[in-house]
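Residue-level structure breakdown
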Amino acid sequence: MNSILQCLNQIKPITNFFLQGEYLKEINKNNPLGSGGRISTAYASFLNDVWGNDYSILAPRLLKQTVGSFAPQFNNNFQHDSQEFCQFLMDGLHEDLNRVKNKPYVEQFEAYGMEDRLAAEESWRNHLKRHDSIFVDYTQGMHRSHLTCPGCGRESVKFDVYSSISLPLVPPKSGSTIPLKDCLDQFAAGEQLDEHNAWYCSNCKSHVCALKLITLWNTPDVLVLHLKRFTFEKCPDVDGRILRRKIEDTVNFPIDRLDLTEYVLGPIDPNAPPIYKLFGVSEHSGTTANTGHYTATVRNSEDGNWYRYNDSNVGFTSGDAAITGGAYLLFYQRIKGSLRWAGMEKELNGTPNVDEDGFQAVVGKKKKNRR
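Let us look at the structure shown here.

Definitions and limits used
- Residues numbered from 1 in each chain as written.
- Predicted model: local features only at pLDDT ≥ 70, side-chain atom pairs only at ≥ 80, totals over all residues.
- Heavy atoms only, no water.
- Phe/Tyr/Trp six-rings, centres within 6.5 Å; stacked < 30°, edge-to-face > 60°.
- Buried < 20%, exposed > 50% of the residue type's maximum accessible area, 1.4 Å probe, protein only.
- 1 Å grid on protein atoms, 1.4 Å probe; cavity = no way out; pocket = protein on both sides within 12 Å on 5 of 7 lines; lining within 4 Å.
- Points joined across faces, edges and corners; volume = space filled by probe spheres on them.
- Helix = DSSP H or I, 4+ residues; strand = E, 2+ residues; numbered from the N terminus.
- Nonpolar A, V, L, I, M, F, W, Y, C, P; charged D, E, K, R; others polar.

As enumerated under the stated definition, the model contains 11 aromatic pairs in all. Pairing Phe17 with Phe18 gives two aromatic rings, centres 5.7 Å apart and planes at 90°, and the pair type is edge-to-face. For Phe18, a relative accessible area of 1% translates into the label buried. Ring geometry for Tyr307 versus Phe316: centroids 5.0 Å apart, planes at 35°, classification tilted. Through successive ring pairs, a cluster of aromatic residues spans Phe17, Phe18, Tyr23, Tyr43 and Phe46.

So this is what it looks like as structure tokens:
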């Protein structure tokens, strides 16, 4: 928990949103998926304590108790997966601050056969019908998911929203580290789904191990990369039971310039390109995500210096010091410019609506009266 909080509180626009009290205007107390504003209020209290300079050591007890009251899995003193806690907290804050008061039912949008740009815009419009908050503004992007049936060749294309990207760790060459680019390349290369994640093919009338290709359509201002260090493997030596294993190879990731241009399929704004700098790393030591110990290496948003947080111990460090086999979650921020909705706000402006079949609505001009 502490590791994630140290990273999240350095997201300057969101932190200022809470510190300046703007969040109070957007609390959605009637959202059944939220906490009635309790989690967002506790998070605001935590941020005020952190940035108020009244404490040298701070234990976020109120926030922990509040989160635990809505998520029983966190209502104890056990160690928890920092990626799971990060996802829950960001989702909880988003729902607390969701500007959509009445969520309509929205069917999944099939985009196969449509122009990608139009399909992406319509998919984002559907997303905004149910989700609109400061977290959507800054931390959510969209990727293109392409599934192909290995039997009949039927294809399906959908545009899905993400708030973090899970990257597979590729086997390193002997005695070397894993470049982050290799993980990104593996992510972009696609995979064949296993039987536990089979896709239903309406042509074959059965679940199949489809070929899945995910491509980033755009990237948000704040980008969270999850290094998939924990794997589940069947162990023949232990009665075939599934065991969770940790990959402790070092991933070499950029500190001051991560350029994702080659991985983005959608339009790229030259005034806000997908080029990022690192500002936080959640680190894990131990054998499983639910045991061991979490620390954080963070770039302070005010003074630009790097600090290492280990519970109540804080010290100066460097960004390079976080490049270890324990780096688990990487937090990046766009270097130049800012794009609301990962750039979809600009794309939607002036773009006509399309119907469910992908046809644009045409509005005829009124005929002028002849004189």
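For the coordinates displayed, the defined rule picks out 2 cavities of 30 Å³ or more. Of the pockets and cavities examined, the largest cavity occupies roughly 50 Å³. Sorting the residues of the lining of the largest cavity by element identifies helix H5 (82-96) and strand S9 (222-227) as the ones contributing at least two each. Per-element accounting of the lining of the largest cavity gives the leading share, 4 residues, to H5. Class assignment of the residues belonging to the lining of the largest cavity gives a composition of 4 nonpolar, 5 polar and no charged. Reported here for the second largest cavity is a volume of approximately 30 Å³. Lining the second largest cavity are Leu184, Phe187, Ala188, Ile214, Thr215, Leu216 and Tyr263. Only helix H8 (180-189) and strand S8 (211-216) provide two or more residues apiece to the lining of the second largest cavity. Looking at side-chain class alone, the lining of the second largest cavity contains 6 nonpolar, 1 polar and no charged residues.

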